[in-house]
Structure formats: structure tokens, C-alpha cells
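Structure assessment
As a plain string of letters, each chain reads:
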Amino acid sequence: MNEKIDKKPRGKAIVIEADTEPPTAKGIKAMQDLVRRVGLGALGMLEAETYGD
Amino acid sequence: MAIKYDPKTNRYRTAGGRFISPREVRKTIDKTFEVVKKDMRALGEALTTGGIDLRTFQTLMREKLKISHSLAASIGRGGRRQMSLSDWGKVGGGLKKQYAYLNNLSAQIEKGLVSDVQIINRAAAYSHGVRLAYYGMTTIAETAGDATMCRRIVNSKEGCAECAEYAAFGWIPIEEMPEIGELQCSVFCACLLEFR
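Heads up: these notes are all about the structure in this document. As the structure is a computational prediction, the values presented were derived from the model and not from experiment.

With that out of the way, let us pick up the overall build of chain A. Assigned secondary structure in chain A consists of 2 helices and 1 strand. When its helices and strands are written in sequence order, chain A yields α-α-β. Put simply, chain A has 53 residues, and 25% of those count as buried.

What follows concerns the sheet that holds strand 3 (residues 19–20) of chain B. Spatially, 1(A)-1(B)-2(B)-3(B) is the arrangement adopted by the 4 strands of the open sheet, whose pairing is mixed. Edge positions in the open sheet fall to strand 1 (49–50) of chain A together with strand 3 of chain B, since each of these has one partner strand only. Here strand 1 of chain A runs beside strand 1 (residues 4–6) of chain B; their pairing, made up of 2 bridges, is parallel. Of the residues in strand 1 of chain B, the one forming a bridge with Glu49 of chain A is Lys4 of chain B.

Residue and element names in this part refer to chain B. Among the residues of helix 4 (residues 116–125), Ile119, Ile120 and Ala123 are the ones counted as buried. Along the axis of helix 4, the buried residues cluster in a sector spanning 95°; they form a single face. Buried residues in helix 4 make contact with helix 1 (22–48), helix 2 (54–77) and helix 3 (85–110).

For helix 2 of chain B, spanning 24 residues, the distance from its first C-alpha to its last is 34 Å, which sits close to the expected 34 Å at 1.5 Å a residue. The buried count for helix 2 of chain B comes to 17 of 24 residues, which makes it a mostly enclosed element.

Let us now look at the interface of chain A and chain B. Between chain A and chain B, the residue contacts involve 36 residues of the former and 48 residues of the latter. Counting only elements with at least two residues in the side of chain A that touches chain B, the list comes to helix 1 (25–38), helix 2 (40–46) and strand 1 of chain A. Looking at the side of chain A that touches chain B element by element, the count peaks at 7 residues for helix 1 of chain A. Across the side of chain A that touches chain B, the residue classes tally to 19 nonpolar, 8 polar and 9 charged.

The subject of this paragraph is the environment of Gly16 of chain B. Inspection of the secondary structure assignment puts Gly16 of chain B in the loop between strand 2 (11–13) and strand 3. A C-alpha to C-alpha distance of 29 Å links Gly16 of chain B and Val130 of chain B, two positions 114 residues apart in sequence.

Turning to the environment of Leu85 of chain B, a few remarks are in order. Residues and elements named next belong to chain B. Checked against the element boundaries, Leu85 lands in helix 3. By C-beta crowding, Leu85 is classed as exposed, having 9 other C-beta atoms within 10 Å. Along the sequence, Leu85 and Ala144 sit 59 residues apart, while their C-alpha atoms lie 15 Å from each other.

Residues and elements named next belong to chain B. Burial along strand 6 (residues 192–195) is one-sided: the residues Leu193 and Phe195 are buried and none of Leu192 and Glu194 is. As paired strands, strand 4 (residues 149–153) and strand 6 are joined by 4 bridges and run antiparallel to one another. When the sheet's bridge partners are listed, Arg151 is paired in strand 6 with Glu194.

Here helix 1 of chain A crosses helix 2 of chain B at 75°, and the two axes come no closer than 9 Å. With respect to helix 2 of chain B, the element helix 1 of chain A is oriented roughly perpendicular. In this structure, helix 1 of chain A uses Gly27, Ala30, Met31, Leu34 and Val35 of chain A to contact helix 2 of chain B, whose residues at the interface are Lys66, Ile67, Ser68, Ser70 and Leu71 of chain B. A class-by-class count of the residues in the contact of helix 1 of chain A with helix 2 of chain B yields 6 nonpolar, 3 polar and 1 charged.

What follows concerns the packing of helix 1 of chain A against helix 1 of chain B. Where helix 1 of chain A meets helix 1 of chain B, the closest approach of the two axes is 9 Å, and the angle between their N-to-C directions is 105°. Relative to helix 1 of chain B, the element helix 1 of chain A is oriented roughly perpendicular. Together, Leu34, Arg37 and Val38 of chain A of helix 1 of chain A and Thr28, Lys31, Thr32 and Val35 of chain B of helix 1 of chain B make up the contact between the two elements. Split into classes, the residues belonging to the contact of helix 1 of chain A with helix 1 of chain B amount to 3 nonpolar, 2 polar and 2 charged.

All names here are of chain B. Secondary-structure assignment places Ala133 in helix 5 (residues 129–144). By C-beta crowding, Ala133 is classed as buried, having 28 other C-beta atoms within 10 Å. Along the chain, Ala133 and Ala164 lie 31 residues apart, while their C-alpha atoms are 22 Å from each other. Filtering out sequence-adjacent residues up to four positions away, Ala133 remains in contact with His69, Ala72, Ala73, Val91 and Gly94.

All names here are of chain B. Judged by pairing direction, the sheet is antiparallel, and its 3 strands sit side by side in the order 5-4-6 without closing on themselves. Because the sheet does not close on itself, it has two edges, and the strands there are strand 5 (172–173) and strand 6. Direction of pairing for strand 4 relative to strand 5: antiparallel, over a ladder of 2 bridges. Across the sheet, the residue bridging to Cys150 is Ile172, located in strand 5.

Rules used throughout
Residues numbered from 1 in each chain as written. Chains lettered and ligands numbered in written order. Predicted model: local features only at pLDDT ≥ 70, side-chain atom pairs only at ≥ 80, totals over all residues. Helix = DSSP H or I, 4+ residues; strand = E, 2+ residues; numbered from the N terminus. Buried ≥ 20, exposed ≤ 12 C-beta atoms within 10 Å, placed from the backbone. Pairing = 2+ DSSP bridges. Arc of directions from axis to C-beta. Contact = placed C-beta atoms within 7 Å. Expected span 1.5 Å × (residues − 1). Nonpolar A, V, L, I, M, F, W, Y, C, P; charged D, E, K, R; others polar. Axes fitted to C-alpha atoms, helices over the stretch in contact; angles between N-to-C directions. Parallel < 35°, antiparallel > 145°, perpendicular 65-115°, else oblique.

What follows is the structure, encoded as C-alpha cells:
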């Protein structure tokens, strides 16, 4: 099971560190870009204001 | 076109005031899942064809994970403006697990223990976390409101025995309902949770 099955060099792995920070402005833009690919309804939900305000 | 979030009912409303059903919201999450799955599969393919190296694969997968989980959680909470610091901490907790899995996969790839097909399929499988992020935050939103009861609706044609068992209970207290992803079918769970 642990025998090498793929000898192609892929480069060295890095260690991804945990991150609990809210998305930055760049992250919010990326979310909006992703949600546009899903549909306008999804964008509306992401950007929803509170009802009654 | 503007959609609003009604915190009294934990429901979205259209500009005309009509409630958007949880099933409609779930369809949005399912579409998000499909888009993210395609993107992650493409990253796996790029790694196997030499288009990107392992480090770039990890960095791009990390970005996809963070963006998709943040988006799904925000939609589960009623929009990103409803998200508190505590909510972002919960998202971070879910991401931490995904990053650990990604680190493990990457170490296996580096050692040559994973085939091309496995790399592509395992990369695409990270997209299942989108649903977990959504339901995790939906449960927080519902318990912060008036809801006390929850029921599980099985959607998968090949759902696991544990999901079927909990679905058969009908309405039960929210705290007794295992979260999506906690049962046998794990991240592949396609159940719907309804609250009242």
C-alpha cells in the first residue's frame, strides 16, 4: 500500500497553517467573484441587508 | 433584486417580501459546491499534467477552501454582514481540519504515494466541505433564534444507515441532531436539515 505508485517529481510540499481571520477586502472580492458564477440569487444572499432596516 | 435577511425568522426575503425557502437556499449551496468541485478538480489536473507544482497546488487549494467555506457559511448565517467574529472563528475551525487533510495529501503526493487519478479525485472531494460550512452556520443561526427542533431529510439515493435512522426520528431537539458530515457518510452527506 505504501509502495511508490507515482514517481513524477511534483516539488516539495509546504505546511498550510490554520487561519481564523475574517476575509480581507481581497477575500470578499474573491467570494463575490465566485458567487457571481453561481447566480445572482447567491450574490443577493451573500450581500443581504437585514430585513426591516 | 435586493435580497434581505429576516433575523426573526432566519429566512431570506425577496425585494417583494416573499420568503425564500430553505430548499431554494440549499440549491444555491449545491450550485456553489458544483462550481468549487470543478475548480478543485482542475487544480488536481493541473498538478498531474505539470501545469503547476505542488506548492502552487496547495496555495491555490487553500484559497479555494477559504473562499468557498466563507461564502457558504455567510449564506448559512444570513449574509456576510451577519457574520460575527465568533462565526468566523467557527469557519476557521472547519478550515483548520481541511488544511490538515490537505497537508496530509500533499505529503503523500510529495512521496509519490498517490496516482494521477487519485490526486484529481481527492482534490475534487475537498469541495464537499462547502455543505458542512453552510450547515454548521445555519445551525448556529437557528439556535440563536427561536428554533429548538430539527429534522433530517435524506436526499441521497444511497444515503447511509445512520442518516436514515436520524431521518426516521422526525423532529428532535437541535442539540441531539448530528451535524451534516458527522455520520457514516461523512463529508459526502447530502441530507437537508429543517428547523422550527
